[in-house]
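# Geometric and topological summary
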Amino acid sequence: MIEREQVLHVAKLARLGLSEEEVSTMAGELSGILEHVDRIAALDLDEVEPTTHVVELENVLRADVPHQSLAPEVALAQAPDPVDDAFRVPSPQAEE
Amino acid sequence: MAELLALTALEAHQAMVAGELDPGEYADAWRQAAAGDQLNAYLWREGDGDGGAIAIERPSIAPVAVKDIFCTEGVPTTAGSRILEGYRPPYTSTAVRRLLEAGAPVLGKTNMDEFAMGSSNENSAYGPVLNPWDHGRVPGGSSGGSAAVVAGGLAPWAIGTDTGGSIRQPAALCGIVGLKPTYGAISRYGMIAFASSLDQCGPLTRDVSDAALMLAMLQGGDPCDSTSVGLPATPALPDREDLSGLRFGVPGELASDAIEPGVREVFETTLAKIEQLGGEVAEIALPHAEHGISAYYVIAPAEASSNLARYDGVRYGMRAESSGDVIEMYEQTRAQGFGAEVKRRIMLGTYALSSGYYDAYYGQAQKVRTKIATDFATAFADVDFVVTPTSPSVAFKLGEKTDDPLAMYLNDFFTVPMSLAGIPAISIPAGLAEPAGGGPQLPVGFQIAAPAFAEQKLLGAAYALEQGIGFDARPEGVPNG
């Protein structure tokens, strides 16, 4: 069972603002889903290797050759608030 | 015009090569058809303008409808999300670039569940896509727009993405062919990421031959995607006439009560057809497949929560007005930009990856994944293919499952195990069945899965079965070849 405090903690980790209504529905929905998911917790898989990649691949390497990348003005063109050659964001220190 | 639209993409290509069909006239006919979209299936069409960077001068292949998850330079790319409204990528994905280089123009960008999270297309920020067979029902998802345009006569063929069934399930619900290739067969460069250990691009087409032709254009390794390896050889057009010498395994564990009676009947009829065509049907065991949904709904949200961290209102997409600090700007942007299902999965994934829970959830799910892959490997030592219904039901009604996320997730019961194992699987239309609640008949998909990189063999068997079934039903008003 997921409690309200856990929802708020996880939302903070995810940088996700939630309304009061979302917090309460989320607690119920996540609990229901996790209850189903918890069925795998009971399986004895201590000796099993986890799958990190489904297709066997050798390490993929490429030559370290410089190449043309996006021009700064192109990379900045889609930004909500570009300034000079940078992305502008609100100050990390909130004004009171 | 109806005559032109009745051609499959392969037939049109052959006619263009033979000089019997004018490529410009053919492309125009499709542009006109796409302009008549009443299914909310397109988010952008070539006729809407602004297609400069991806326009091609001399088409020689049928135009393609592209799921709006593929970046197209200068052309709006939303992934079905409000957070990317108005976004015009500065580059084109490798999959689309390959189509353009082969001579296939982009006909339009198709609607989808937000960031490919969903099985009904009701999670799009731009409204649901309607099923061309019954406008009161869902087309499936997440590639619902791509499936609906092909089934509804609004595009000759389409590409989509499949993470846990997002190509195969909508193909089944719309009565067309959908192929999820082996993980790594097609480059994902420029394909907006959902769950990176699962996502794969693939074709949605009218028939198996078109799927083979499309796969031949798309497949191949790409220096821009280190997970892409391509197929051992370029797929040839399938021409297999029967199924003699081939063994088809039916998982005993998947004979679940959750299958609608109509779907079960079509499935049984198709197994009989396999035997008529000289194939053998055997029962096999996939003892861990029943845990597929649990493992998937840990792995996919966990990876999504990480992939979606990039949408923070800084480099692209929308930014919420906020008077606070940068953290508040992130939180408000994501609160306003993401829809309910995306938020739910970010929460679920962040929880599963958070301190103290990682081993119990993500670690355990990755082990279940190993067991499922091992189950398939054991089965393939005995049979050539594993077959199941693609979806436990035919297309369901709009709004029927939106209040119960878990019920929606269980739609993916038959498609998720193949995704977890990274193996190729195709859905072909096998017949029509009445929905559980009654009503006009709707298409039923039959899923065939093969070992990794066995696409050629898979397409051959699917083709022979397709010819044997002879499915030729179309939604009302759609030209039929």
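Residues numbered from 1 in each chain as written. Chains lettered and ligands numbered in written order. Predicted model: local features only at pLDDT ≥ 70, side-chain atom pairs only at ≥ 80, totals over all residues.

This part is about the overall build of chain A. Helix and strand content of chain A: three helices and two strands. Listed by position from the N terminus, the elements making up chain A come as α-α-α-β-β. The C-alpha radius of gyration of chain A comes to 23 Å, more than 25% above the 12 Å expected for a compact globule of 96 residues. With the C-alpha coordinates aligned to their principal axes, the bounding extent of chain A is approximately 55 × 55 × 20 Å. The buried share of chain A, reckoned over its 96 residues, is 19%. (Helix = DSSP H or I, 4+ residues; strand = E, 2+ residues; numbered from the N terminus. Rg over C-alpha atoms; globule rule 2.2 N^0.38 Å. Buried ≥ 20, exposed ≤ 12 C-beta atoms within 10 Å, placed from the backbone.)

This part is about the nonpolar core. All names here are of chain B. Formed by 167 residues in total, the largest nonpolar core has its most connected members in V64, A155, V298, I448 and A462. Of the residues forming this core, the biggest block, nine residues, is contributed by helix α9 (residues 292-307). Summarising the domain contributions, this core has at least three residues from each of domain 1 (2-246 + 381-469) and domain 2 (290-364). In contact with A155, other than residues within four places in its own chain, are W30, A34, A65, L107, V149 and V150. (Core = buried A, V, L, I, M, F, W, Y, C linked by C-beta atoms within 7 Å. Domains from an automatic or database assignment. Contact = placed C-beta atoms within 7 Å.)

Each partner contributes to the interface: chain B provides 57 residues, whereas chain A provides 46 residues. Those elements that place two or more of their residues in the side of chain B that touches chain A are α9, α10 (326-337), α11 (340-353), α12 (359-380) and α13 (405-409) of chain B. Of all the elements, α12 of chain B adds the most residues to the side of chain B that touches chain A, at eleven residues. For the side of chain B that touches chain A, the per-class residue count stands at 28 nonpolar, 18 polar and eleven charged. (Nonpolar A, V, L, I, M, F, W, Y, C, P; charged D, E, K, R; others polar.)

Time to look at the environment of Q467 of chain B. Residue and element names in this part refer to chain B. Positionally, Q467 belongs in helix α15 (residues 455-469). Classification of Q467 by C-beta neighbours within 10 Å gives partly exposed; the count is 15. Taking the C-alpha atoms as reference points, Q467 and E241, 226 residues apart in sequence, are found 8.1 Å from one another.

Glancing now at the domain arrangement of chain B. Residues and elements named next belong to chain B. Segmenting chain B into domains produces domain 1 (2-246 + 381-469) and domain 2 (290-364). If you average the C-alpha positions of domain 1 and of domain 2, the two centres end up 26 Å apart. Within the residue set of the side of domain 1 that touches domain 2, elements represented by two or more residues are α13 and α14 (416-421). Ranked by residue count, the leading element in the side of domain 1 that touches domain 2 is α14, at three residues. By residue class, the composition of the side of domain 1 that touches domain 2 is 17 nonpolar, seven polar and four charged.

Before going further, it helps to examine the packing of helix α1 (residues 4-13) of chain A against helix α2 (residues 20-37) of chain A. Residues and elements named next belong to chain A. Here α1 crosses α2 at 105°, and the two axes come no closer than 9 Å. Taken together, the axes of α1 and α2 are roughly perpendicular relative to one another. Two secondary-structure elements touch here, α1 through R4, V7 and L8 and α2 through V23, M26 and A27. Each residue belonging to the contact of α1 with α2 can be placed in one class, and the counts come to five nonpolar, no polar and one charged. (Axes fitted to C-alpha atoms, helices over the stretch in contact; angles between N-to-C directions. Parallel < 35°, antiparallel > 145°, perpendicular 65-115°, else oblique.)

In this chain, G141 of chain B is followed by S142 of chain B through a cis amide linkage whose omega measures 10°. You will see that R15 of chain A, though not glycine, has its phi angle at about 50°, which is positive. As for its placement among the helices and strands, R15 of chain A is situated in the loop between α1 and α2. By the C-beta count within 10 Å, which is 20 here, R15 of chain A ends up buried. Here the phi dihedral of D84 of chain A falls at roughly 50°; this positive angle occurs in a residue that is not glycine. Assignment of secondary structure puts D84 of chain A in the loop between β1 (82-83) and β2 (86-87). Of the residues examined, D84 of chain A has 7 C-beta atoms within 10 Å and is grouped as exposed.

Next up on the list: the environment of A335 of chain B. Mapped onto the fold, A335 of chain B is located in helix α10. Through-space distance from the C-alpha of A335 of chain B to that of P139 of chain B is 28 Å; in sequence the pair is 196 residues apart. Setting aside residues up to four positions removed in sequence, A335 of chain B forms contacts with L16, G17 and L18 of chain A.

Moving on, we come to the sheet that holds strand β1 (residues 42-45) of chain B. Residues and elements named next belong to chain B. Taken in spatial order, the eleven strands of this open sheet run β1-β3-β2-β4-β6-β5-β10-β11-β9-β7-β8, and their pairing is mixed. This sheet does not close on itself; its edge strands, each paired only once, are β1 and β8 (280-284). Neighbour-to-neighbour, the strand axes of this sheet turn through a mean angle of 30°, independent of strand direction. Along the sheet, helix α5 (residues 144-151) contacts β1, β2 (64-67), β3 (106-110), β4 (157-162), β5 (177-180) and β6 (200-205); its crossing angle with β4, the most-contacted strand, is approximately 155°. (Pairing = 2+ DSSP bridges.)

Turning to the pairing of strand β9 (residues 385-389) of chain B, a few remarks are in order. Residues and elements named next belong to chain B. Taking burial as the measure, the five residues of β9 include five buried ones, the bulk of the element. Relative to β9, strand β7 (residues 247-251) runs parallel, the two sharing two bridges. From the neighbouring strand, F248 faces β9, where its bridge partner is F385. For β9 and strand β11 (residues 442-449), the ladder comprises four bridges, and the chain directions are antiparallel. Residue pairing in the sheet places V387 in a bridge with I448 of β11.

Time to look at helix α7 (residues 208-218) of chain B. All names here are of chain B. In terms of residue burial, α7 counts as a mostly covered element, since ten of its eleven residues are buried. Looking only at α7, the buried set comprises V208, S209, D210, A211, A212, L213, M214, L215, M217 and L218. Trailing α7 by a residue or two, G220 shows a phi angle of about 135°, which is positive.

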